[in-house]
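# Close look at the chain arrangement
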Amino acid sequence: MKIDKAYHDVGGDDFGPVPIDDGSYQLWERRVDAMMRLLSSPAVGLMRVDELRRGIETLGEATYNAEPYYGKWARSLAKIMIEKGVLSQADLDAKIAELRAERGLTP
Amino acid sequence: MQAIFGPGDRVQVMDLEAEQGLTGHMRAPVYCRGKTGEIERFCGAFGNPETLAYGGDGTPAQPLYRVRFKQADVWPGYAGAANDCIEIEVYQHWLKAG
Amino acid sequence: MSHAHSHDHHHDHDHDHAPIEAEDTSSSDTAILADALRMVLIEKGIFTAAEVQDQLTLMEGRSDRNGAAMIARAWVDADYRDALLADGAAAAQALGYDTKGTPLIVLENTAKVHNVVVCTLCSCYPVTLLGPSPEWYKSKAYRGRVVRDPRSVLREFGTEIGPDREVRVHDSTADMRYMIMPKRPKDSAGMTEDALAGLITRNGLIGVAEL
């Protein structure tokens, strides 16, 4: 039975020369890292790294390829936190709308 | 769960997705499935990521091994040296005697 | 519960609100989603803004110097070297570095073997000892090719491994984390441990470079 490889399972694939760049992260990205550390801490216990990975692996190939590293994390965290009922999609959408207004962006 | 393999044992990585219809989160990359290598070491028992990924508690803990493969056995036409190897961590339930 | 925010961030907050977070005006959809998620979780009491800031501070403090210190110690102290190769996490602990329960395997580069680490499935990395992973380590290009054609990838980093040495790739697929013990530079005899640590690079600890 031929199985199409999952899009994150890239071992052996050729994506050209390695872009040798250490990179740097913006504040929102570093805050995503901080959020995951807090959510997966023993004190909070709401996320496991396996869940984060599964969330990323189910974002869809287009999103996986388009999003920066911490963008994938953020979308995975949102999905899992909503799945667990920690917040609702409506909660998130309302806050997104609020932030867009605050930052002078189109709704 | 009992660890059934020891260092030096020949093992083959099964393809549980193809053979058993396993779905969801898996940590055995496709490139090693069906390949035969040897146990480099037993790492201990750890929570099963396949169930941890869906809110399970990962029990029973699964024995985890490092398996060494000759690169030439993994990649057709491997371009490096004949002795080059690759080592990866594989959970016991993906392995059978090779 | 919703708060009516004005565009002016100089208004007073109620005395029981969390400290005002540093403003971020990033405008990508993803940045906004990330910030919105964080703010809702703070509002729901899952964690506080101060705790987020504490994590940022911790993150800023992380670098490859812990890893470098362990290798430098191993170079000068044969007992520590043996302990490091037997149980990397315990050896880290012995120098006061907390690996937070994560097992660590240290792999020694020798005349016969050159080791290099990758996580093809995501980008697992020993951040407590090496700091944040470089962007290239997370790239599909690195993850895809280093397992299949490691010598060519190493060449891109300026590293040439002779055909008489085995290149051994380690794919961090499960619970172990990895650090390389580079070969000690030949002209380093008599150097202090601190000076030796100064020779050790992050890329050497991942295995894409020799020193």
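Starting from 1, residues in each chain are numbered consecutively following that chain's sequence as written. Written order decides the labels, with chains lettered from A and ligands numbered from 1. In view of the model being predicted, local features appear only for residues whose pLDDT reaches at least 70, and side-chain atom pairs are presented and counted only at 80 or more, with totals across whole chains, interfaces and linings using the full set of residues.

To continue, consider the overall build of chain C. Only DSSP runs of H or I covering at least 4 residues are called helices, and only runs of E covering at least 2 are called strands; the numbering of each starts at the N terminus. Of regular secondary structure, chain C possesses 11 helices and four strands. Radius of gyration: C-alpha atoms only; globule rule: 2.2 Å multiplied by the number of residues to the exponent 0.38. For chain C, the C-alpha radius of gyration of 22 Å lies well beyond 17 Å, the compact-globule estimate for 211 residues. Reported as C-alpha extents along the three principal axes, the dimensions of chain C are approximately 70 × 35 × 30 Å. Out of the 211 residues in chain C, the part that is buried amounts to 42%. Think of it as a crowd count around each C-beta: if 20 or more other C-beta atoms lie within 10 Å the residue is buried, if 12 or fewer it is exposed, and in between it is partly exposed, with C-beta placed from the backbone throughout.

With that settled, consider the overall build of chain B. Along its length, chain B carries three helices and five strands. Seen in sequence order, chain B has helices and strands lined up from the N terminus as β-α-β-α-β-α-β-β. Expected size for 98 residues packed as a compact globule is a radius of gyration near 13 Å; at 14 Å, chain B falls within 12% of this value. Each principal axis of the C-alpha distribution contributes one length, and for chain B these read about 45 × 25 × 20 Å. Buried positions account for 38% of the 98 residues belonging to chain B. A pair of residues counts as a contact when their C-beta atoms, built from backbone coordinates, are within 7 Å of each other. Within chain B, counting contacts between residues at least 6 apart in sequence, those at least 24 apart form 63% of the total.

Throughout, the edges of the domains are those of an automatic or database domain assignment. In terms of domain boundaries, chain C breaks down into domain 1 (11-60) and domain 2 (65-206). Once you take the C-alpha centre of each, domain 1 of chain C and domain 2 of chain C turn out to be 35 Å apart.

To continue, consider the interface of chain C and chain A. Every contact between the two is made by 48 residues of chain C and, on the other side, 51 residues of chain A. When contributions to the side of chain C that touches chain A are tallied by element, the ones reaching two or more residues are α1 (29-43), α2 (49-60), α7 (135-138), α8 (140-145) and α9 (150-156) of chain C. Of the residues in the side of chain C that touches chain A, the class split is 24 nonpolar, 11 polar and 13 charged. Residue type decides the class: Asp, Glu, Lys and Arg count as charged, Ala, Val, Leu, Ile, Met, Phe, Trp, Tyr, Cys and Pro as nonpolar, and the leftover types, Gly among them, as polar.

Attention now goes to the pairing of strand β2 (residues 36-46) of chain B. All names here are of chain B. Two strands pair under a simple rule: DSSP has to find at least two bridges between them. In this structure, strand β1 (residues 10-13) lies alongside β2, joined through three bridges in antiparallel fashion. Within β2, the residue paired with V11 across the bridge is G37. Bridging between β2 and strand β3 (residues 62-70) involves seven bridges; their strand directions are antiparallel. Paired with A45 across the bridge in β3 is P63.

We now examine unusual backbone geometry. Residue P60 of chain B is bonded to the preceding T59 of chain B through a cis peptide linkage, with omega at -5°. For P60 of chain B, the position within the fold is in the loop between α2 (49-52) and β3. One non-glycine residue, K100 of chain C, adopts positive backbone phi at about 55°. Within the secondary structure, K100 of chain C is located in the loop between α5 (88-94) and β1 (104-108). Judged by the 10 C-beta atoms lying within 10 Å of it, K100 of chain C is exposed.

Moving on: the interface of chain A and chain B. On the chain B side, the residues contacting the 12 residues of chain A number 12 residues. By residue class, the composition of the side of chain A that touches chain B is two nonpolar, two polar and eight charged.

In this section: the sheet that holds β1 of chain B. Taken in spatial order, the seven strands of this open sheet run β5(B)-β1(B)-β2(B)-β3(B)-β4(B)-β3(C)-β2(C), and their pairing is mixed. Single-partner strands in this sheet number two, and they are β5 (95-97) of chain B together with β2 (113-118) of chain C. Pairs of neighbouring strands in the sheet enclose a mean axial angle of 35°, with direction left out of account. Between N-to-C directions, angles cover 0 to 180 degrees, with each direction set by a line fitted to C-alpha atoms, over the stretch in contact for helices.

Take the nonpolar core next. One broad rule of soluble globular proteins: the nonpolar side chains tend to lie buried together. Core analysis: the biggest nonpolar cluster contains 68 residues, and V90 of chain B together with I71, A72 and M179 of chain C have the highest contact counts within it. In terms of residue count, helix α3 (residues 65-76) of chain C provides more of this core than any other element does, seven residues in total. Among residues more than four places away in sequence, those in contact with V90 of chain B are V13, A28, Y65, V67 and L95 of chain B. What makes a nonpolar core is a set of buried Ala, Val, Leu, Ile, Met, Phe, Trp, Tyr and Cys residues, with links drawn between C-beta atoms within 7 Å. Ranked by size, the runner-up nonpolar core spans 27 residues in total, among them A34, M35 and L38 of chain A together with A31 of chain C.

Tracing the chain through its elements places D35 of chain C in helix α1. When the C-alpha positions of D35 of chain C and T25 of chain C are compared, they lie 9.9 Å apart, and in sequence the two are 10 residues distant. Sequence-distant contacts of D35 of chain C, defined by excluding residues within four places in its chain, comprise W28 and L99 of chain A together with D24 of chain C.

On to the confidence of the model for chain C. Of all residues in chain C, 91% attain a pLDDT of 70 or more, and the chain-wide mean is 91. Our summary of model confidence lists the complex with pTM equal to 0.93 and ipTM equal to 0.98. Residue-level confidence of the predictor is summarised by pLDDT, bounded by 0 at the bottom and 100 at the top.

On to the packing of helix α1 (residues 27-39) of chain A against α1 of chain C. Interhelical geometry of α1 of chain A versus α1 of chain C gives an angle of 40° and a closest axis separation of 10 Å. Judged by the angle between their axes, α1 of chain A and α1 of chain C are oblique. Read as a crossing pair, α1 of chain A and α1 of chain C show a hand that is left-handed. Between α1 of chain A and α1 of chain C, the contacting residues are W28, R31, V32 and M35 of chain A on the first element and A31, A34, D35 and R38 of chain C on the second. Small angles under 35 degrees read as roughly parallel and large ones over 145 as roughly antiparallel, with 65 to 115 read as roughly perpendicular and the rest as oblique. Here a crossing is taken to be left-handed if its near helix is turned anticlockwise relative to the far helix by less than a right angle, and right-handed if that turn runs clockwise.

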